Amino acid sequence: MAGIIFFKTTHLKLISDFYQQYLGMGLWLDQGQCKIFESGNLRLGFCAAEQAETSGTITFYYSSIAEVDKAYTRFTRIATSQPKQNPDFNIYHFWGQDPEGRILEFQHFLPRYQDDQALKILNPDEHKPRLLLTMFLPEPVMQVLKKDFCVKANILDRLLSKAELMQGISDAEALICLLGDTISTDVLEAAPNLKVISNYAVGYNNIDLEAAKSRNIAVCNTPGVLTESTADLTWTLIMATARRIVASDIFTREGHFTGWKPLLFLGKDVHERKLGIIGMGRIGQAVARRATGFDMKVLYTSPQPKELPFAAEHLPLDDLLREADIISLHLPLTNDTWHLLGARELDLLKPGAILINTARGAIVDEAELITRLRDQRIFAAGFDVYEHEPDIPQELRELDNVVLLPHIGSASIETRTKMGYLAAANAIAIIRNEAAPARIV
Ligand code: DGY
């Protein structure tokens with residue numbers, strides 16, 4: 001799969017847009033009339049030409065049929081061939097029609113991975129330090145990593161099992177992992193050469209810090225770069241829950257909208273309400289700052305009052321819970337914050353309050369919250385995180401006064417790329433014996 005496959009095209013712009021926007025491939029090299037795209041270990045080059053090259057079929061490598069379907073949501077599938085098989089791949093042909101009526105033909109290589117083949121060395125190089133990457137990061141970050149490391153990566157679209165993690169880490173000097181990877185003592189036992197754990201997240205409750213420290217392994221995270229995106233998403237949830245946006249959208253799509261009505265989908269005003277921020281760190285402050293535009297009164301809890309560049313009242317937790325109309329959580333999950341909001345605390349909330357959680361699920365006792373949402377004591381809740389993530393209780397999915405998101409607080413292209421650069425910089429610095437930009441221990 002090494003090398004670049006080149007195509008000549010009479011539609012360079014169309015092809016470029018398609019590859020970037022619909023297939024999410026990164027632009028690896030742009031020379032105007034010649035563009036090269038990259039995804040994973042595949043590079044495709046397209047050069048403008050008077051006449052398109054017709055003999056070639058565009059070839060893609062995907063890890064699953066689900067991924068193929070995701071990439072082609074804009075296309076009507078006309079036909080797919082029976083797979084031809086070779087030892088490594090199932091090879092499918094797919095003929096589809098785009099919305100403008102063009103018929104395109106693609107060839108898909110779906111690796112015939114066994115479950116124990118999640119890990120692959122992307123750029124074998126015995127002179128570079130070994131990095132285990134537990135899931136692919138945005139393409140520009142992959143380039144940086146491959147420059148400095150011999151990268152062993154999880155090439156599948158799922159988390160590694162503990163056994164895979166332990167196998168992958170066994171010869172690694174650096175690890176870049178996700179918040180879903182549990183880095184426990186026994187995982188570290190399997191990593192005699194490990195010097196750095198670089199978490200691709202600001203939260204690090206997935207890592208046993210003491211175990212890392214006692215083995216002289218540095219632990220780093222990605223603070224700062226995701227603050228504003230997470231605050232934006234928090235506000236998305238505030239507005240969506242208060243104004244019942246998701247339920248209204250479903251109602252409209254399902255064809256129930258028969259005309260304007262005085263009592264249709266009445267929600268709650270956000271402006272001039274009291275916003276209670278639990279945890280006034282970087283993200284809490286960015287959320288609070290946005291509230292000034294809504295003429296809200298900001299209340300907050302934190303271990304100590306803070307000097308803030310906006311008006312905000314510091315309160316004990318119980319008082320904040322009693323007073324705030326909308327409560328938003330912005331604190332890490334630790335032994336002290338686990339179930340910080342349990343039955344007693346949730347009962348302090350004003351009837352009709354709204355609760356937003358973009359921090360960590362287990363800060364709230366989810367079962368107790370569901371009970372209070374079901375009987376409407378709490379007006380609505382916005383979840384980006386869950387107590388037993390990624391499991392979401394069926395009772396929660398059935399409620400129509402909740403908005404449920406798949407942990408996407410930091411999920412903008414820009415932010416996830418910045419997080420990747422920071423995670424890479426952390427790992428590179430520790431390997432070079434330099435000060436890392438964001439080291440925890
Ligand atoms: C984090 O970084 O901890 C978020 O939960 C994901 O970006």
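Since we're looking at a predicted model, the values are computed, not measured. (Residues numbered from 1 in each chain as written. Predicted model: local features only at pLDDT ≥ 70, side-chain atom pairs only at ≥ 80, totals over all residues. Heavy atoms only, no water.)

Asker: Give a detailed account of the overall build of the chain, specifying residues and quantitative values.
Answerer: Looking only at helices and strands, one finds 14 helices and 22 strands in the chain. For the chain, buried positions account for 48% of its 441 residues. Expressed as a percentage of contacts within the chain between residues at least 6 apart in sequence, the contacts between residues at least 24 apart total 57%. Carbon and sulfur atoms make up 52% of the accessible area of the chain, which totals about 21800 Å². (Helix = DSSP H or I, 4+ residues; strand = E, 2+ residues; numbered from the N terminus. Buried < 20%, exposed > 50% of the residue type's maximum accessible area, 1.4 Å probe, protein only. Contact = heavy atoms within 4.5 Å. Areas by Shrake-Rupley, 256 points an atom, 1.4 Å probe, with all protein chains shown as cover.)

Asker: I'd like a description of the sheet that holds strand β18 (residues 313–314), backed by residues and values.
Answerer: A sheet is described by the order of its strands in space; here seven strands give the open sequence β18-β17-β16-β19-β20-β21-β22, paired in parallel fashion. The open sheet has two edge strands with one neighbour each: β18 and β22 (402–404). As judged from the five bridges shared by strand β16 (residues 274–278) and strand β17 (residues 297–301), these two strands associate in the parallel manner. Residue Lys274 lies in a different strand from β17, and its bridge partner there is Lys297. (Pairing = 2+ DSSP bridges.)

Asker: Go over the site of the ligand, please, and point to the residues and values.
Answerer: Taken together, the residues surrounding the ligand are Leu179, Ala201, Val202, Gly203, Leu226, Arg360, His407, Ser410 and Met419. One nitrogen or oxygen atom from the main chain of Val202 is found 2.7 Å from an oxygen atom belonging to the ligand. Taking Ser410, its side chain carries an N or O atom lying 2.6 Å from an oxygen atom of the ligand. When the free accessible area of the ligand is taken as 230 Å², the share hidden by the protein chains comes to 89%. Classifying every residue of the shell around the ligand by side-chain character gives five nonpolar, three polar and one charged. (Near = heavy atom within 4 Å. Polar contact = N/O pair within 3.5 Å; in protein donor to acceptor, adjacent residues only side chain to side chain. Nonpolar A, V, L, I, M, F, W, Y, C, P; charged D, E, K, R; others polar.)

Asker: Any chance you could break down the sheet that holds strand β10 (residues 119–121) for me, citing the residues and the numbers?
Answerer: Spatially, β10-β12-β11-β13-β14-β15 is the arrangement adopted by the six strands of the open sheet, whose pairing is mixed. At either margin of the open sheet sits one strand with a lone partner, and together these are β10 and β15 (218–220). Taking each pair of neighbouring strands and ignoring which way they run, the sheet shows an average axis angle of 15°. Sheet analysis places strand β13 (residues 174–177) next to strand β14 (residues 196–199), joined by four bridges and oriented parallel. Opposite Ile176, over in β14, you have Ser198 as the bridge partner. Packing of helix α3 (residues 139–148) onto the sheet brings it into contact with β11 (130–133), β12 (150–154) and β13, and relative to β11 it is tilted by some 155°. (Axes fitted to C-alpha atoms, helices over the stretch in contact; angles between N-to-C directions.)

Asker: Can you break down the side chain of Glu164 residue by residue, with the values?
Answerer: You can see Glu164 is positioned in helix α4 (residues 162–169). For Glu164, the side chain forms a polar contact with the main-chain nitrogen of Ser161, separated by 2.7 Å.

Asker: Please provide a residue-by-residue account of the packing of aromatic side chains, values included.
Answerer: Each aromatic ring pair is characterised by the separation of its centres together with the angle its planes make. Throughout the structure, instances matching the rule amount to three aromatic pairs. Where Trp235 meets Phe294, the ring centres are 4.6 Å apart and the plane angle is 20°; that geometry is what we call stacked. Note that Trp235 is positioned in helix α7 (residues 227–242) and Phe294 in the loop between α9 (282–291) and β17, a separation of 59 residues in sequence. Centroid distance Phe251 to Phe265: 5.0 Å. Interplanar angle 75°. Geometry classified as edge-to-face. A residue pair is termed long-range when its members are at least 10 positions apart, and Phe251 in helix α8 (residues 245–253) and Phe265 in the loop between α8 and β16 qualify at 14 residues. Geometry around Phe379 places Lys268 over its ring, the cationic atom sitting 5.2 Å from the centre. (Phe/Tyr/Trp six-rings, centres within 6.5 Å; stacked < 30°, edge-to-face > 60°. Lys NZ or Arg CZ within 6 Å of the ring centre and 35° of its normal.)

Asker: Which residues make up the environment of Trp95, and what are the values?
Answerer: Among the secondary structure elements, Trp95 is positioned in strand β8 (residues 89–97). C-alpha of Trp95 to C-alpha of Thr76: the two residues are 19 residues apart in sequence and 8.7 Å apart in space.

Asker: An account of unusual backbone geometry is needed here, citing residue identities and associated values.
Answerer: A cis geometry characterises the amide bond from Glu389 onward to Pro390, with omega recorded as 5°. Notably, Arg244 is not glycine yet its phi reads approximately 55°, a positive angle. Mapped onto the elements of the fold, Arg244 is located in the loop between α7 and α8. Residue classification places Arg244 among the partly exposed positions, given a relative accessible area of 30%. A positive phi angle, close to 65°, is found at Gln376, a residue other than glycine.

Asker: Please provide a residue-by-residue account of α7, values included.
Answerer: Within an α-helix, residues lying three or four positions from one another point in the same direction, as the helix has 3.6 residues per turn. Here α7 spans 23 Å end to end across 16 residues, near enough to the 22 Å set by a 1.5 Å rise per residue. Most of α7 sits out of view: 12 of its 16 residues are buried. Among all positions in α7, only Thr227, Ser229, Thr230, Ala231, Leu233, Thr234, Trp235, Leu237, Ile238, Ala240, Thr241 and Ala242 are buried. (Expected span 1.5 Å × (residues − 1).)

Asker: How would you sum up the packing of α7 against α9? Please name residues and give values.
Answerer: At a minimum axis distance of 8 Å, the contact between α7 and α9 shows a crossing angle of 50°. One element, α7, and the other, α9, form an angle in the oblique class. Between α7 and α9 lies a crossing of right-handed hand. Contacts between α7 and α9 involve Thr227, Glu228, Thr230, Ala231, Asp232, Thr234 and Trp235 from the former and Arg282, Ile283, Ala286, Val287, Arg289, Arg290 and Ala291 from the latter. Of the residues contributing to the contact of α7 with α9, the split by class is six nonpolar, three polar and five charged. (Parallel < 35°, antiparallel > 145°, perpendicular 65-115°, else oblique. Left-handed = near helix turned anticlockwise from the far one by under 90°.)

Asker: Outline the pairing of β11, listing residues and values.
Answerer: Both faces of the sheet carry side chains from a regular strand, because those side chains alternate between them. Judged from the four bridges that link them, β11 and β12 form a sheet pairing that is parallel. Along β12, the bridge assignment pairs Leu131 with Val151. Two elements, β11 and β13, share three bridges in a ladder whose sense is parallel. From the neighbouring strand, Leu131 faces β13, where its bridge partner is Ala174.

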